[in-house]
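Structural overview
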Amino acid sequence: MSRACRFCATPLTHSFADLGLSPLSNSYVKAADLGKGEKFYPLHAYVCESCHLVQLEEFESPEAIFSDYAYFSSYSTSWLEHAERYTQQMRELLGLGKDSLVVEIASNDGYLLQYFVRDGVPVLGVEPAANVAKVAIEKGVPSVVKFFGVETAKELAAQGQQADLLLGNNVLAHVPDINDFVGGMKWALKADGLITMEFPHLLELIRHNQFDTIYHEHFSYLSLITVEKIFAAHGLKLYDVEQLPTHGGSLRIYARHADNARAQPTERYQALIKAERDFGLDRIDTYARFAEQIRETKRALLSFLIEAKRQGKTVVGYGAPAKGNTLLNYCGIRSDFIDYTVDRSPHKQGTYLPGTRIPVYAPEHIAETRPDYVLILPWNLKDEIVTQMAHIREWGGRFVVPIPQVTVL
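The following refers to the structure shown. Just so it is clear, the structure is predicted and the values come from calculations on it, not from any experiment.

To continue, consider the sheet that holds strand E17 (residues 373-376). Note on sheets: strands pair through backbone hydrogen bonds, and any given pair is parallel or antiparallel. Taken together, six strands build an open sheet; the order of strands is E16-E14-E13-E17-E18-E19 and the sheet is mixed. Lying at the two open borders of the sheet, with one neighbouring strand each, are strand E16 (360-361) and strand E19 (407-408).

Along the chain, histidine 201 falls in the loop between strand E9 (189-200) and helix H7 (202-207). Overall, the relative accessible area of 2% leaves histidine 201 in the buried class. Look past the residues within four positions of histidine 201 in its chain and what remains in contact with it is Leu222, Ser223, Leu224, Gly249, Ser250, Leu251, Leu272 and Glu276.

What follows covers the nonpolar core. Core analysis: the largest hydrophobic core is formed by 101 residues, its most contacted members being Phe16, Leu172, Phe181, Met185, Met197, Phe231 and Ile366. Sort the elements by how many residues they give to this core and helix H11 (residues 290-310) lands first, with seven residues. Phenylalanine 181 has contacts with Ile105, Phe148, Gly149, Val171, Leu172, Val175 and Met197, leaving out every residue within four places of it along the chain. Membership of the second largest hydrophobic core comes to 22 residues, among which are Leu80, Val123, Ala136 and Val141.

Here we come to the sheet that holds strand E3 (residues 41-47). The antiparallel open sheet is built from four strands, whose spatial order is E1-E3-E4-E10. Two strands close off the open sheet at either side, each with one partner strand: strand E1 (14-22) and strand E10 (220-221). Two strands pair when backbone bridges link them, and E3 and strand E4 (residues 54-55) are joined in this way by two bridges, in the antiparallel orientation. Bridged to valine 47 within E4 is valine 54.

Take the pattern of salt bridges next. Evaluated as defined, the whole model comprises 24 salt bridges. Taken together, the shared-partner salt bridges connect Glu84, Arg91, Arg118 and Asp119 into one network.

It is worth spelling out the packing of aromatic side chains at this point. Centre-to-centre distance and the angle between the planes together describe a pair of aromatic rings. Taken as a whole, this structure holds eight aromatic pairs when the rule is applied. Judged by centre distance (6.0 Å) and plane angle (65 degrees), the ring pair of phenylalanine 16 and tyrosine 287 falls under edge-to-face. With a gap of 271 residues between them, phenylalanine 16 in strand E1 and tyrosine 287 in helix H10 (residues 284-288) connect regions that are remote in the sequence. Across the pair, tyrosine 287 and phenylalanine 16 agree in class, each one buried. Put simply, the rings of Phe16, Tyr287 and Phe290 touch in pairs and so form one group of aromatic residues. One Lys or Arg, lysine 298, reaches over the ring of tyrosine 330 and ends 4.6 Å from the middle of that ring. Directly above the ring of tryptophan 379 sits lysine 323, whose terminal nitrogen or CZ lies 5.2 Å from the centroid.

The geometry of H11 relative to helix H12 (residues 322-331) is characterised by a closest axis approach of 10 Å and an angle of 80 degrees between their N-to-C directions. Considering the angle they form, H11 stands roughly perpendicular to H12. Along the contact surface, H11 presents Ile294, Arg295, Lys298, Leu301 and Leu302, while H12 presents Leu327, Tyr330 and Cys331. In terms of residue class, the contact of H11 with H12 is built from six nonpolar, no polar and two charged.

The omega torsion across isoleucine 403 and proline 404 is 5 degrees, close enough to zero to call that bond cis. Note that proline 404 resides in the loop between strand E18 (398-401) and E19. Residues other than glycine seldom take positive phi values, yet alanine 9 does so here, at roughly 70 degrees. Its location among the elements puts alanine 9 in the segment before E1.

Moving on, we get to the packing of helix H5 (residues 150-158) against helix H6 (residues 178-188). A pair of packed helices is captured by two measures, namely the crossing angle of their axes and the spacing between those axes. Running from N to C, H5 and H6 point in directions that differ by 10 degrees, and their axes come no closer than 7 Å. Comparing the axis directions of H5 and H6 gives the class roughly parallel. Residues Val150, Ala153, Lys154 and Ala157 of H5 form the contact with H6, whose own contacting residues are Asp180, Gly183, Gly184, Trp187 and Ala188. Taken together, the residues of the contact of H5 with H6 sort by class into five nonpolar, two polar and two charged.

The next subject is the state of the cysteines. As enumerated under the stated definition, the model contains zero disulfides in all. Cysteine cysteine 5 is unpaired, with the sulfur of cysteine 51 as its nearest cysteine sulfur at 3.5 Å. Here cysteine 48 is not cross-linked by a disulfide; its sulfur's nearest cysteine counterpart is in cysteine 8, at 3.5 Å.

What follows deals with the pairing of E17. Burial of E17 is two-sided: the residues Tyr373 and Leu375 facing one way and the residues Val374 and Ile376 facing the other way are all buried. Pairing of strand E13 (residues 315-318) with E17 involves four bridges; the strand directions are parallel. Among the inter-strand pairings, tyrosine 318 is bridged to a residue of E17, identified as isoleucine 376. Sheet topology places E17 next to E18; three bridges connect them, and they run parallel. From the neighbouring strand, valine 374 faces E18, where its bridge partner is phenylalanine 399. The β-α-β motif built from E17, the intervening helix H14 (residues 382-388) and the parallel element E18 has right-handed crossover chirality.

Each value, and the rule that gives it
Residues numbered from 1 in each chain as written. Predicted model: local features only at pLDDT ≥ 70, side-chain atom pairs only at ≥ 80, totals over all residues. Heavy atoms only, no water. Pairing = 2+ DSSP bridges. Helix = DSSP H or I, 4+ residues; strand = E, 2+ residues; numbered from the N terminus. Buried < 20%, exposed > 50% of the residue type's maximum accessible area, 1.4 Å probe, protein only. Contact = heavy atoms within 4.5 Å. Core = buried A, V, L, I, M, F, W, Y, C linked by side-chain atoms within 4.5 Å. Salt bridge = Lys/Arg side-chain N within 4 Å of Asp/Glu carboxyl O. Phe/Tyr/Trp six-rings, centres within 6.5 Å; stacked < 30°, edge-to-face > 60°. Lys NZ or Arg CZ within 6 Å of the ring centre and 35° of its normal. Axes fitted to C-alpha atoms, helices over the stretch in contact; angles between N-to-C directions. Parallel < 35°, antiparallel > 145°, perpendicular 65-115°, else oblique. Nonpolar A, V, L, I, M, F, W, Y, C, P; charged D, E, K, R; others polar. Disulfide = S-S within 2.5 Å. Right-handed = clockwise from strand over helix to strand, strands pointing away.

Right under this line is the structure:
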């Protein structure tokens, strides 16, 4: 089957990570559906030899994946704190007030825009998942239920809703038609407006072995080098970047219209472009070496679990994130190794993980069963989770983090 890069249409012939077959990572199974089958799709990432965009094929439409979504941003305390800090930073940077408009693409449950609303800054959320947008609206965050692209952006512009600040957190990787998405941002932005986008950094994915962040809802895996090319192709210029600790290491890029005199590359922007080139993200051979790192992580995690079970130890999970489902399905870990997992989100409690069918309970279940080990699946939140669940030490319980390598805390 012929594959082509979703940005530049170059044929895709170079493998980056082959994780076998996996279901959609947010397709949690209800108890009533346990007797039914699940769809599994190839989870194989390729890298384009021309623009170096790492990408998955599209097996399911965005409508099938995101129209009724299980991920609600507001159940992570540290993520809410991150969002609030951002809103304060942007208000100070841009002087946002009652005459401004902030538009967030993939605004989820209003986790971020609620802070602008609180401070009297007009906002609009664009969110494709109706069940999630409903929660935002109930918080007082105006939201439209639409997928973002050129068509939606033109509609907003025609309604006088171009943004002073246009933002998107962890959405750029989720769009299969990245040209339509970035092209839409140009239409949705005022002449002197600012775009910020946050996304996991491909450099950190490779450096810290974060292969479990590869799943079907993430169509692209992004470097600054590649994103610069994509934005430039649509008349937008990147000029600044922040490196963030979120999601195992993310970038926050700053962009404006290409003809905006303010879009002058900063020193830290130029330094990060150089760092990516020094690491080899502009060379195809860099990507080929990642596969063995993945296989070794699988072997190490299985060795730990096999030994723990032979010693009669009990192991449970904490969290039901999409990345955890990639990890568990790739490694073949089911309820023979992990009795159950827990999650703070009531939308996941009472369901079963896709593929592995591991049951999901509320966090209180851990204190009731007193396991020997708690495997932290959202490893990017390990500090928050270790603090929240410190009481497992009372019975000698210990935490296990699988990425970048198996570590017992």
